[in-house]
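Notes for the structure review
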Amino acid sequence: MDQTASGNNRASGSSGAGRPRRRRIWPWILGVFAVAIILLVALWDWDWFIPLVDSRASSALGHKVTMQHLHVRLGRTTVVTADGVRVDNPEGFPADQPLAQIDHLGISVAVMSYIRNQVIDIPLINVDHPVIDALAHQDGSANWTMKSQSGSSSSSASKPPRLGLLRIHDGHVHVVDPKLRTDMNLQVHTAGYRDPDGGHIVVTADGTYAHQPITGRFIGGALLTLQDRGRPYPVDLHVANGPTHVSLEGEIDQPLTFGGARLKLVFTGPDMALLLPLTGVPIPHTPPFKVTGNLDYQNRRIVFDKFHGTVGSSDLEGRIAGDAQSKVPDIKADLSSQRVDLNDLAGFIGGTPGTAKTGNVQQKQEIAASKTSGNILPDQKFSVPKLRAANVHLTYRGEHIENKYVPLDNIVVAMDIVDGHITLHPLDFKVGTGSIDSNLDLQPSGEDLRTKADVKFRHVDLSRILQATHAFHGDGVLGGQADITTTGSSVASMLGNGNGGVTMVISGNGDISALLHDIAGLEVGNAILSALGLPNRASLRCFIADMPLHDGILSMKTFLLQTSEARSIGRGTIDLKNQTLDYSLTTRSSHFSIGSLPGPINVTGKLGSPSIRPGAEVVARAGAAVGLGVLLVPLAILPTIQLGVGEGACTDALQKTEAAPAAPPPAAVPVHRRHGPQRKAG
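Nothing here was measured: the structure is a model prediction, and the numbers come from that model.

Parameters and conventions
Residues numbered from 1 in each chain as written. Predicted model: local features only at pLDDT ≥ 70, side-chain atom pairs only at ≥ 80, totals over all residues. Heavy atoms only, no water. Core = buried A, V, L, I, M, F, W, Y, C linked by side-chain atoms within 4.5 Å. Buried < 20%, exposed > 50% of the residue type's maximum accessible area, 1.4 Å probe, protein only. pLDDT = per-residue confidence, 0-100. Contact = heavy atoms within 4.5 Å. Helix = DSSP H or I, 4+ residues; strand = E, 2+ residues; numbered from the N terminus. Phe/Tyr/Trp six-rings, centres within 6.5 Å; stacked < 30°, edge-to-face > 60°. Salt bridge = Lys/Arg side-chain N within 4 Å of Asp/Glu carboxyl O.

Our next topic: the nonpolar core. Grouped together as the largest cluster of nonpolar side chains are 99 residues, with contacts concentrated most on Y396, I411 and F457. Grouped together as the second largest cluster of nonpolar side chains are five residues, C542, I544, L560 and A653 included.

Shown next, in the form of structure tokens:
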């Protein structure tokens, strides 16, 4: 029994001796853990994570991204700050010059928002002194192009981050693009952080764009406003690109998805063709302009609506809409003018627009040079690449043509340009109670345009035509047809290569100023009497002009003007290729006449500055009259006597013209005329 007790005592003693030893180990373990935590806190460096962050950022951007230091301030709103951020250029661009550098990039993240709602909430992005060098090559490659990453379907399905304030301090952007002939500097910063709307971003620009000096200033809303669907994004933009000025002011609804806009857009400048770099749409040359309207975004189309303004001395208003998503811009324009000067539209046919009063400096010089050269046909080449740069569907109506020397009253145009193929159906002019109706088709062929033109003269009012001369008067109705087939790169080259013909006829009742014939026949005495109104009219029997066109040479198969007083016959050619004419007009009195010097009047030289001289017969008769007048005054009238040629030439000439006209009537094929401005009655 004693042995058992002593054994139990030894067992209990040995057990008690072991417990104190185990209690002494735990403090050591806890101490080591505490020291480790203290050492970790003391020695912790967020820079250890830089390689991981660099790798993720490089993969996301497709550019090598590095940073010098990384700082994290933990809390309900955790702030991550990267110092010395650098984004390198891709291959093919300078390796020693980065795409972007940022002194300090700070991002605040609301951790609890992600825990509760699985939404990344970034209340603040702070960018200190960002510097971006945006470079592009002539082939269109650019260093700012980001490579798309595959395998992002899961991230794309997640909710987009919620962005708050964006603060930019002392930002600089340098853009160089030789293809756009651009080298400009942008200064970027944000201001007004304490404003209720979160402040605004300010961008100023200076440099060259499209080889023209450019300056600009943009003031936009805060970054927070971009994602707020209930708050419109304010825009205030002013740009001067060379002599062209653009301003855009207003608001954009849901700018990230283009929900709509209320913007006022103003264009001013010396020539609308200079808008190409700013709009991306080729526009023909125009005289100085100013246009104001509303810019909006509707059904995936950019709309310039309710605009009005002036182009040269013409007014202009209407609506233009363009598809912002198509590869080739698709533009629909509905334009009109109450008063239009056709000189302002000359750029649409390759001419110099405007006049010596309304054109810009260069246009005034070109107008003066054309007068000196004597050439009148537009010779500026149409650019097929520019024609293919946009598909255009345009309607235009000019209610009243303002030009006292042009016998046209209004203009109606419906034009389509699709892949460079131009159709005008119609191009019509009203002339008094009649009209000149045209349909044209121009198909690209290399650098040229294969052209077919069909022109009809319908009940053209002769009095309206003569009214434009401000010297002659008359009444009658003219009808006819012109058909031209040609190939060329300008209006001048098209007419210089043209084939076809022109036929015009006035037959029936009418009258015409006798002075027109008297001057052509040099009836000295009668011209004076006609100028005094005694007599001032002659009955019009017929006018026939039948002129075939072959390789740009317009010849006079028939040219007859028969009145009760005289008959005028024209002969010769008009060379449209060289823009010269060699023409003669002979007028004979229909009845016995004294005081006339009959014979041809020769019209030669350039179309714009012809030389008008009497022919040899007129000179001989005049010389004989002068000589006889010296010897015996009554004999001086003998060379001026005409016995008269009668009035019976019209019937024969009409029959010949109707049998084989230079411009035969086209086959009865209905002409498709799409919706557009229609001619008003009367």
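Here the narrative resumes.
Let us now look at the confidence of the model for the chain. Looking at the chain as a whole, the pLDDT averages 79, with 74% of positions reaching at least 70. Taken as a whole, residues 616-647 scores under 50 in pLDDT and shows 64 contacts with residues more than four places along the chain or in a different chain.

Residue placement: Q97 occurs in the loop between β3 (77-87) and β4 (100-110). When the C-alpha atoms of Q97 and D133 are compared, they prove to be 8.1 Å apart, with 36 residues separating the residues in sequence. Among residues more than four places away in sequence, those in contact with Q97 are N89, D133 and L135.

A separate point is the environment of R217. Its location among the elements puts R217 in strand β10 (residues 212-221). C-alpha separation for the pair R217 and Q187, spaced 30 residues apart in sequence, amounts to 9.5 Å. Dropping the residues within four chain positions of it, R217 is found in contact with V202, V203, T204, D236, L237 and H238.

If you walk through the whole model with that rule in mind, you get five aromatic pairs. Ring geometry for W46 against F49: centres 5.5 Å apart, planes inclined by 35 degrees, an arrangement best described as tilted. For the pair F559 and Y583, a centre-to-centre distance of 5.9 Å together with 85 degrees between the ring planes defines the contact as edge-to-face. Of this pair, F559 sits in strand β29 (residues 558-563) while Y583 is found in strand β31 (residues 580-589), placing the two residues 24 residues apart along the sequence.

The next subject is the pattern of salt bridges. Per the stated rule, a full pass over the model turns up twelve salt bridges. The partner of R86 in a salt bridge is D88, and the shortest N-O contact between them spans 2.6 Å. Judged by relative accessible area, which is 26%, R86 ranks as partly exposed. A relative accessible area of 16% places D88 in the buried class. In this structure, the salt-bridge partner of D409 is R464, at a minimum N-O distance of 2.7 Å. Of this pair, D409 sits in the loop between β18 (391-398) and β19 (410-418) while R464 sits in helix α10 (residues 462-467); the two residues are 55 residues apart in sequence, bridging distant segments of the chain. Residue classification places R464 among the buried positions, given a relative accessible area of 14%.

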